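Coordinate inspection notes
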Amino acid sequence: MANVYTQVNIQAVFAVQGRQNLLSQSVRERLFPYISGILKNQDIFPLAVNGWKDHVHIFFEMKPDISLSKTMELVKTNSSKWINDNGFIKGKFSWQRGYGAFSYSRSQRNKVINYIMKQEEHHQNYVNTFRVEYLKILEDFGIEHDTRYLFEFYD
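Keep in mind the model is a prediction, meaning the values are calculated, not measured. (Residues numbered from 1 in each chain as written. Predicted model: local features only at pLDDT ≥ 70, side-chain atom pairs only at ≥ 80, totals over all residues. Heavy atoms only, no water.)

Turning to the pairing of strand β4 (residues 100–104), a few remarks are in order. The two faces of β4 differ: G100, F102 and Y104 on one face are buried, but A101 and S103 on the other face are not. Two strands pair when backbone bridges link them, and strand β1 (residues 8–15) and β4 are joined in this way by five bridges, in the antiparallel orientation. Bridge pairing in β4 places A12 opposite A101. (Buried < 20%, exposed > 50% of the residue type's maximum accessible area, 1.4 Å probe, protein only. Helix = DSSP H or I, 4+ residues; strand = E, 2+ residues; numbered from the N terminus. Pairing = 2+ DSSP bridges.)

Looking now at the nonpolar core. Ranked by size, the top nonpolar core spans 26 residues in total, and within it L31, V56, I58 and W95 carry the most contacts. Looking at this core, the elements that each hand over two or more residues are β1, α1 (25–41), β3 (55–62) and α2 (68–85). In this structure, W95 is in contact with F14, A15, V16, Q17, L23, L31, V56, K76, S79, S80 and I83, ignoring residues within four places of it in sequence. A15, V112, I116 and F130 belong to the second-largest nonpolar core, a separate cluster that totals 13 residues. (Core = buried A, V, L, I, M, F, W, Y, C linked by side-chain atoms within 4.5 Å. Contact = heavy atoms within 4.5 Å.)

Next up on the list: the sheet that holds strand β2 (residues 45–52). Read across the open sheet, the four strands follow the order β2-β3-β1-β4; overall the sheet is antiparallel. On the outer flanks of this sheet lie β2 and β4, each paired with one strand and no other. Taken pair by pair, the neighbouring strands of this sheet meet at an average axis angle of 15°, ignoring direction. Contacts between helix α3 (residues 109–117) and the sheet are confined to β1, β2, β3 and β4, with β2 contributing the most and set at about 35° to the helix. (Axes fitted to C-alpha atoms, helices over the stretch in contact; angles between N-to-C directions.)

Let us now look at the environment of I35. Topologically, I35 is positioned in helix α1. Setting aside chain neighbours within four positions, we find I35 in contact with F14, V49, V56, I58, V75 and S79.

Both faces of the sheet carry side chains from a regular strand, because those side chains alternate between them. In terms of burial, β1 is a largely internal element, seven of the eight residues being buried. In this sheet, β3 lies alongside β1 in antiparallel orientation, the contact comprising eight bridges. Residue pairing in the sheet places Q11 in a bridge with F59 of β3.

This paragraph deals with the side chain of R109. Tracing the sequence through the fold places R109 in helix α3. You can call R109 buried: its relative accessible area is 10%. Aside from chain neighbours lying at most four places away, what touches R109 is Q7, N9, L47, F59 and E61.

Turning our eyes to something else, we now look at the packing of α1 against α2. Where α1 contacts α2, the axes come no closer than 10 Å and their chain directions differ by 140°. Between α1 and α2, the angle falls in the class oblique. The element α1 and its partner α2 pack so that their crossing is right-handed. Contacts between α1 and α2 pair R30, L31, Y34, I35, I38 and L39 from the former with T71, L74, V75, N78, S79, W82 and I83 from the latter. A class-by-class count of the residues in the contact of α1 with α2 yields nine nonpolar, three polar and one charged. (Parallel < 35°, antiparallel > 145°, perpendicular 65-115°, else oblique. Left-handed = near helix turned anticlockwise from the far one by under 90°. Nonpolar A, V, L, I, M, F, W, Y, C, P; charged D, E, K, R; others polar.)

Below you can see the structure in the form of structure tokens.
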């Protein structure tokens, strides 16, 4: 019987409920390694995990026996529980429903990793809001979308 060989590189993006800037630098410094650990515990190889005060980007090699939706459910559920259990945020923390997910070829990996790891630099300029960033990704991928069903944006 033949083995299964895959290389599916996925960038997923998801946002804080209410688009509040709840992910302070001290939270991000703990959260991103924790999210990497969630992926590793599922034998999913994280390529980059980073984000900004109101959203997260994860880039990983998708495992063939776990669906993208299950992976995202595990990441979002476990990370929000961890944030709440550790009291990093006043009140109850949660992620918005949904996510964006985009596939990349091996030749694009370094570019995507570099982009994700420079999120803080990217978002220092107020013009580069999450709305602008996310809409550009959708445009770059030629994804038709209904603005009624995107993340809640509060610029």
